[in-house]
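A structural walkthrough
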Amino acid sequence: MTEMLADDGKPFKLIELSNTHGMRVLLTDWGATWLACSVPVGGQLREVLLRADNPQVHCAQGAYLGASVGRYANRIANAQFTLNDRTFTLDANQDGKHQLHGGREGFSHKRWAVVEQSESAVVFALTSADGEQGFPGEVKVQVRFSLSDDNALRICYTAEASADTPLNLTCHPYFNLDGIRAGCDVLAHSLHIAASHYLPVDSEGIPQGELKAVAGTGFDFTQPKIIGQDFMRDDDQHATRGYDHAFLFDEQSSEKVQVRLQSRQGDLGLAITTNQAAIQVYTGNFLHGTPNSQGGEYANQSGVALETEALPDAPNHPQWLCYGGVSKAGERYCNDTLFTFYTP
């Protein structure tokens, strides 16, 4: 078999975590990417994470399937921001206009070093040079993936910068709790988000105005609701062909379940707790053509991405920096998120 190589010409390093219940998580050092997630349901393993059929194809796709994204997850408008009275111009990798997920050579397109590894945990590390993709300061980053025996995967990003800089790290997994081979979209999944406000954006994903109350809109998931119930109901959804919006949690707490997702048949659930202020919910509105695990292609809405993070474009909106988005020199950054899979 021909050895599969990443963009740097070296082989992918694959790492599998497992627990006593047989749950398995597959990761690679390229982009510190969460490649696969097999959860025990009814005595069988169910693959619930969208992926391609091999690491080489997986890491070549443009949907950021399971990747660690940074230096700034989501978008920075016009690939530009002003910090400490200095304006910085970034790599404009979205339509030559905005920056998305840190630029063309963001953290998802880097080889991370494996610095610790065990049967149930792995730590990846990366150093981002001063000026990389246009950002100020050197940033040293680590991410720890740890799998517990209660079928929970904790993903914890820590970082420290040598200068004040935008910093917003997240993992970009797409979930389908019915199983990625079931042939079902996620519109029949139930979703609950402890958020009474969301952020409207334009067709390019750039924030438009201030946070908006979810009450009376299709963005109200304050009670569990089928995703498809109000799908494309609002003008704000039409702009992005579905949900692709940040929801601001009512309470920032790493002790409280902020999000619950449940499969179509209700036989598998996912609970998310995080220390982040917001979550980007993306219903895969442009997934069509993305390679799947069977050598074919995913359709739109094949999975839902749930990305815990700060608000998009926060460096250009000082009023949102209380929710994160810019780190001071020498300050410890941390995104600590727990994905717990359970059978109701």
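Right above here is the structure, for reference.
The rules behind the values
Residues numbered from 1 in each chain as written. Predicted model: local features only at pLDDT ≥ 70, side-chain atom pairs only at ≥ 80, totals over all residues. Heavy atoms only, no water. Phe/Tyr/Trp six-rings, centres within 6.5 Å; stacked < 30°, edge-to-face > 60°. Lys NZ or Arg CZ within 6 Å of the ring centre and 35° of its normal. Buried < 20%, exposed > 50% of the residue type's maximum accessible area, 1.4 Å probe, protein only. Helix = DSSP H or I, 4+ residues; strand = E, 2+ residues; numbered from the N terminus. Pairing = 2+ DSSP bridges. Salt bridge = Lys/Arg side-chain N within 4 Å of Asp/Glu carboxyl O. Core = buried A, V, L, I, M, F, W, Y, C linked by side-chain atoms within 4.5 Å.

Once that is clear, we can look at the packing of aromatic side chains. Inspection of the entire model under this criterion finds 16 aromatic pairs. One aromatic cluster is present, built from ring pairs that chain together Tyr198, Phe219, Phe221, Phe231, Tyr243 and Phe247. Positioned above the aromatic ring of Phe221, the side-chain terminus of Lys225 is 4.2 Å from the ring centre.

Taken across its 5 residues, strand S21 (residues 244-248) has 5 buried, putting it largely inside the fold. Residue alternation in S21 divides its side chains into two sets, Asp244, Ala246 and Leu248 and His245 and Phe247, and both sets are buried. Two elements, strand S18 (residues 197-198) and S21, share 2 bridges in a ladder whose sense is antiparallel. Considered in S21, the bridge of His197 is made with Leu248. Two strands pair when backbone bridges link them, and S21 and strand S24 (residues 278-282) are joined in this way by 5 bridges, in the antiparallel orientation. The partner of Asp244 across the bridge, within S24, is Tyr282.

The next subject is the pattern of salt bridges. This structure, assessed with the given rule, holds 16 salt bridges. A salt bridge links Lys212 to Asp236, with the shortest nitrogen-to-oxygen separation between them at 3.7 Å. Placement of Lys212 in strand S19 (residues 212-213) and of Asp236 in helix H2 (residues 235-240) is noted, with a sequence separation of 24 residues between them. With relative accessibility at 38%, the residue Lys212 sits in the partly exposed group. On the accessibility criterion, Asp236 (16% relative accessible area) is buried. One salt bridge connects Arg233 with Asp230, and the closest N-O pair in it is separated by 3.5 Å. Judged by its relative accessible area of 46%, Arg233 falls in the partly exposed class. Connected through salt bridges with shared partners, the residues Asp8, Asp29 and Arg111 form a single ionic network.

Membership of the largest hydrophobic core comes to 57 residues, with the highest contact counts inside it found for Trp34, Phe145, Phe175, Ile193, Phe247 and Phe341. Ranked by size, the runner-up nonpolar core spans 18 residues in total, among them Ala79, Leu83, Ala246 and Ala278.

On to unusual backbone geometry, then. Along the chain, Gly70 connects to Arg71 via a cis peptide bond; the corresponding omega equals 15°. Positionally, Arg71 belongs in the loop between strand S5 (67-69) and strand S6 (75-76). Positive phi is not limited to glycine here, since His101 has a value of about 50°. Looking at where His101 falls in the secondary structure, it is placed in the loop between strand S9 (99-100) and strand S10 (113-117). The buried category is assigned to His101, whose relative accessible area is 5%. In the Ramachandran plot, Met232 falls in the positive-phi region, its phi being about 65° despite a non-glycine side chain. Assignment of secondary structure puts Met232 in the loop between strand S20 (225-226) and H2. For Met232, a relative accessible area of 25% puts it in the partly exposed group.

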